[in-house]
Amino acid sequence: MRDRRAIAAAPLAALALCAVVCLARANAQGIDKQDFNQVENGRYLATVGDCAACHTLPGSGHEFAGGRPIETPFGTLFAPNITPDPQTGIGAWTDDEFVNALTKGTGRHGMRLYPAMPYTYFTRLTRDDALAIRAYLNTVPAVHNPVKADQLPFPLNMRWIMAVWDELFFRPQAFRPDPHKSAQWNRGAYLAQGLAHCGLCHTPKNFLGADNNGRRLQGYNLQGWFAPNITNDTRQGLGSWSVDDIAAYLKTGHNQITTTTGLMSETLNLSTSHMRDDDLKAIAVYLKDQPGQNNEPAAAPDPSLMKKGTQIYADECSGCHKPDGSGIPALFPMLKGSPAVQQTDPTSLLRVVLRGARSAGTADAPTASSMPEFGWILSDEDVAAVVTYIRNAWGNTAPQVNAGDVHRARQAFVERSD
Amino acid sequence: MTQKLPHKDAVIIGLGWTGSILAHELTDAGLDVVAIERGPWRDTGTDFSIAYAQDELRYRIQHELFLRPAQITVTFRNNARQTALPVRTWGAFMLGNGAGGAGVHWNAETWRFLPTDFVLRTHLTQRYGANSLPSDMTIQDWGVTYDELEPHYDAFEYLCGTSGQAGNLKGTIQQGGNPFEGPRSRPYPTPPLKQGYGHALFAEAAVQLGYKPFPQPAGNLSQPYTNPLGVTLGQCTYCGYCEWFGCANYSKSSPQTTILPVLVRKSNFEARTECEVTRVNLDNTGKRATGVTYVNAAGGEFEQPADLVILCGFQLFNVQLLLLSGIGQKYDPNSRQGQIGRNFTHQTLSTALGFFDKDKYNFNPFVSAGAIGMCIDEFNGDNFDHGPLGFVGGGYLGQVQTNGRPIETTAVPPGTPAWGAKWKQALRDNYLSTINAGGGVHASFYAYRDVYMDLDPTYKDRFGRPLVRLTIDFHDNELKMSAWLTDKYAEIMTRMGAKQVVKHPRKGPYDVTQYQTSHLCGGAIMGDNPGNSALNKYLQSWDVPNLFVQGASAFPQNAGYNPTGTVGALAFWSAAAIRSQYLKNPGPLVHA
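All values derive from a computational prediction rather than experimental measurement.

When you go through chain B residue by residue, the secondary structure sums to 13 helices and 25 strands. Taken over C-alpha atoms, the radius of gyration comes to 23 Å for chain B, in line with the 25 Å a tight globule of 592 residues would show. The principal-axis extent of the C-alpha atoms belonging to chain B is close to 70 × 55 × 50 Å. Taking all 592 residues of chain B together, the buried fraction comes to 58%.

Here it is as structure tokens:
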């Protein structure tokens, strides 16, 4: 019965989506400075796309004026100035050049962009949405700020090489709604696969930095963190979270299970916490529909490591996270059943234990509690034990972490200034 | 050369409890507010890390969180015949430092004063006659009543998440609470803490003696709590490292755990830490504050102009800034003229140690919290007939032992050698089975003509400003009270089953080296007219109407409770008056 109803509903949903898209299209063919709706929509979309994260240098006071270093596995890029300044920004660009930059990865006069600019995601953007973003960017103060974006080593400093990369890994592709899914799902997919570019951090990459689409959203190690699996996987993903849990996390940085930290704090502060509740729910519905991997439980860890970890946990962790790993909502993350601690790659967990972390404070959840650093008090063996314990206590299961892993992580974190 | 900074709507001096509350309220009202704080910024995760917070040597013995006397200190003497000398290591009281102020290192006892405490002179003279009080006792009414403060006590408790059991809900006495308390409009936001064995045994004995014991109201939270500002506190772990320490797991009410996370998000708020205000500036009429002058850590001097100046420092330093800035008339104990420095008070603490049979009693004293414990209020304020006793005032009696920390929890029976094998054995035998100091009598300190503050004629601080001079001693009234109350406490200890009870009533002279509490009060007191007070009932200076002075410096005398609940309530009360009255029509809120 339920199946039949779903099938009947699908074409209706597609029809509704089509109506929404067609209506929007009727509104704007180009940029209209007088059109408040277009500018306001563009402001919202620029927030969803988190443009400021890369294009605003924190503390500079100059929004979208570029200059922020972007760490990539291939070297450091510097995000360009996208204010309307004609010389150093994008004021002289045509609308088509702007739309092509977002959706085709080509800059002015056809220059190739590096895929740190997520055109591989933005390609799904409608032209109207792209123009709305342009309309909004036209309203921000023009800042004269020349940014030398190309500072990659040879041969990557030759932009034409990106044409080869695009040939290999990039197909410009408008978003195609799935008629078998709800309008809400499709809105979520449009955002998550497109403007919100979740996969840029959460999808594993191949050796040339392109998305491994066979493992979409299954987690990726970058900038000293592991962006976790956000499929519906029971253990490592969002399988145990409800749609409301996900939406609350994206809105406030907190839910009953966990709190935001690391790179996601910035995304949350600049982007998701300012998104509309219906869009956050749509993204959550879409993510909940990404199939989990249901991997076999990890091999049982060394009992002596677990025993040592039990003791360290009782002494150092249980005061806040509770002896049963249940934590305190909005303050101390729950560890029991938490995907954050059961990722195959323990980088984030090690980082939080060794260096401490602060959760994101938002208007709705301002506490911004901190995890103190334990790197100075716990040896590599201690950390391996307690982390292995957390990953395998209370029904959790994840691969054992060894002292050597901790040592390497410690060295890597020492070299990081962030 | 002094650099003049852009104007602000309000400047707040000191970012402890009152500074945080006022900053929050005034920024909510739309004002552009800067808080200038002498000490460093402090944050739970980085500064009170769970990995080292429970370090008795560092925090308790070496005073990690406190002002350094080299930074600023006070001079002390017992009476005007003596020459005051500078305090070079803190003793009788501790002076907080940094963001959060004393709200970081307190135990978090969160009491309300009795309704009669606010009308003390009127009440005592009505009950016992005008001649019942010593002639040099200068107690007076506050100018504000309990009923006026009640909503603001409530606001402070709900900000803090205070754990307790109501004793009087809107006039109806509640089982298990303090039947003597003033009526409260709501129950405490969280239920009382769980009690340790020693605390519970005290309550049992108190009931047997006909008293009505109740759990001490605590800012160490019995359960997680999200306050009206959306800030979440954790659950107390009973680690016993509260007073002298910052709480490492977000479970003790403090500015850090209740307000600062919201305040720092506001674009109309700014905090400048490691900046010491050296004076409040006045215009040429002397009737209007134009802002403050301060010195930053690099030694640079700045003038911060502002429409509204709010002193939110610790009691001593509020009074010092008034004296140094020439605001109001300094108090002269001989002529009894002048208000600034008058009615300086502290607290009268005493205890009795109870040694119990180690084979029958195990109190596990290390399982504890700053404001844990069971108390009785039969002998507080004027809850009992003082007629035949020859003294006024009182305090709560409680088994409120806050910790079993290893360096200080070393009580041994009288006659034990002070060191060596016998001392060690006695310590081993008694550690678990002794009710230590910490429990005892927490009693009032009333005001006297010759207990006061002024500027020291000799000693100066690092900026060349005179230090504050404290002239303070216990009077017969307090010593008599302490002896009587300590006997009452010892009776309960005996009823608990102690095999030996050793009484330590408070004895004179006042000793600045022995810790009592950090509850210094008075010196810039509130009242109903400029002839008896420095501030009106809204904590507004009678002399300079755009200056408000928060904190316990406004207490006309000190009651038998810990002061922070009342300090918080007064801050909300004063802030409400500023928001609802002063900002609409800046000027005196009470016409003399």
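Alright, that's what it looks like, and here's the rest.
Turning our eyes to something else, we now look at the overall build of chain A. Scanning chain A from terminus to terminus reveals 17 helices and six strands. Taking all 418 residues of chain A together, the buried fraction comes to 48%. Restricting to contacts in chain A with at least 6 residues of sequence separation, those with at least 24 account for 66%.

With that settled, the discussion passes to the pairing of strand S18 (residues 395–399) of chain B. All names here are of chain B. Within S18, five of the five residues are buried, which leaves the element mostly enclosed by the surrounding structure. Relative to S18, strand S17 (residues 374–376) runs antiparallel, the two sharing three bridges. By the bridge assignment, Ile 376 is partnered in S18 with Leu 397. Bridge analysis of S18 against strand S20 (residues 440–443) gives four bridges, and the strand direction is antiparallel. The partner of Leu 397 across the bridge, within S20, is Val 441.

In this section: unusual backbone geometry. Omega for the peptide link from B:Gly508 to B:Pro509 comes to -10°, which places this bond in the cis form. Position of B:Pro509 among the secondary structure elements: in the loop between strand S23 (500–504) and strand S24 (521–523). At A:Asp50, a residue that is not glycine, the phi angle is positive and equals roughly 55°. On the secondary structure map, A:Asp50 appears in the loop between helix H2 (36–48) and helix H3 (51–55). Residue classification places A:Asp50 among the buried residues on the basis of 22 C-beta atoms within 10 Å.

The next subject is the interface of chain A and chain B. Taken residue by residue, the interface counts 21 residues in chain A and 20 residues in chain B. Going through the elements one at a time, helix H13 (303–321) and strand S6 (370–371) of chain A are the ones with two or more residues in the side of chain A that touches chain B. It is H13(A) that contributes the most residues to the side of chain A that touches chain B, three residues altogether.

Attention now goes to the nonpolar core. Inside soluble globular proteins, nonpolar side chains tend to come together where they are buried. In terms of nonpolar packing, the biggest core is built from 267 residues, with A:Ile283, B:Ile12 and B:Ala554 touching the most fellow members. Residues in contact with B:Ile12, not counting those within four places in the same chain, are B:Gly19, B:Leu22, B:Ala23, B:Val33, B:Ala35, B:Ile310 and B:Cys312.

Our next topic: the sheet that holds strand S22 (residues 466–471) of chain B. Residue and element names in this part refer to chain B. With mixed pairing, four strands are arranged side by side in an open sheet as S5-S4-S22-S21. The open sheet has two edge strands, strand S5 (85–86) and strand S21 (452–460), and neither has a second partner. Here four bridges tie strand S4 (residues 74–77) to S22, and the two strands are oriented parallel to one another. Bridged to Thr 75 within S22 is Arg 469.

Residues and elements named next belong to chain A. Split into domains, chain A comes out as domain 1 (24–169), domain 2 (183–288) and domain 3 (303–414). Placing the centre of domain 2 and that of domain 3 at their C-alpha centroids yields a distance of 21 Å. The interface is formed by 27 residues belonging to domain 2 together with 27 residues belonging to domain 3. For the side of domain 2 that touches domain 3, the element with the most residues is helix H11 (residues 263–270), which contributes three residues. A breakdown of the residues in the side of domain 2 that touches domain 3 according to their chemical character gives six nonpolar, 19 polar and two charged.

Residue and element names in this part refer to chain A. Taken N-terminus to C-terminus, the directions of helix H8 (residues 183–195) and helix H12 (residues 277–288) make an angle of 90°; their axes are 7 Å apart at the nearest point. Comparing their axes, H12 and H8 come out roughly perpendicular. Contacts between H8 and H12 involve Gln 184, Trp 185, Arg 187, Gly 188, Ala 189, Leu 191 and Ala 192 from the former and Asp 279, Lys 281, Ala 282, Ile 283, Val 285, Tyr 286 and Leu 287 from the latter. Within the contact of H8 with H12, the residues separate by chemical class into nine nonpolar, two polar and three charged.

Rules and cut-offs
Residues numbered from 1 in each chain as written. Chains lettered and ligands numbered in written order. Predicted model: local features only at pLDDT ≥ 70, side-chain atom pairs only at ≥ 80, totals over all residues. Helix = DSSP H or I, 4+ residues; strand = E, 2+ residues; numbered from the N terminus. Rg over C-alpha atoms; globule rule 2.2 N^0.38 Å. Buried ≥ 20, exposed ≤ 12 C-beta atoms within 10 Å, placed from the backbone. Contact = placed C-beta atoms within 7 Å. Pairing = 2+ DSSP bridges. Core = buried A, V, L, I, M, F, W, Y, C linked by C-beta atoms within 7 Å. Domains from an automatic or database assignment. Nonpolar A, V, L, I, M, F, W, Y, C, P; charged D, E, K, R; others polar. Axes fitted to C-alpha atoms, helices over the stretch in contact; angles between N-to-C directions. Parallel < 35°, antiparallel > 145°, perpendicular 65-115°, else oblique.

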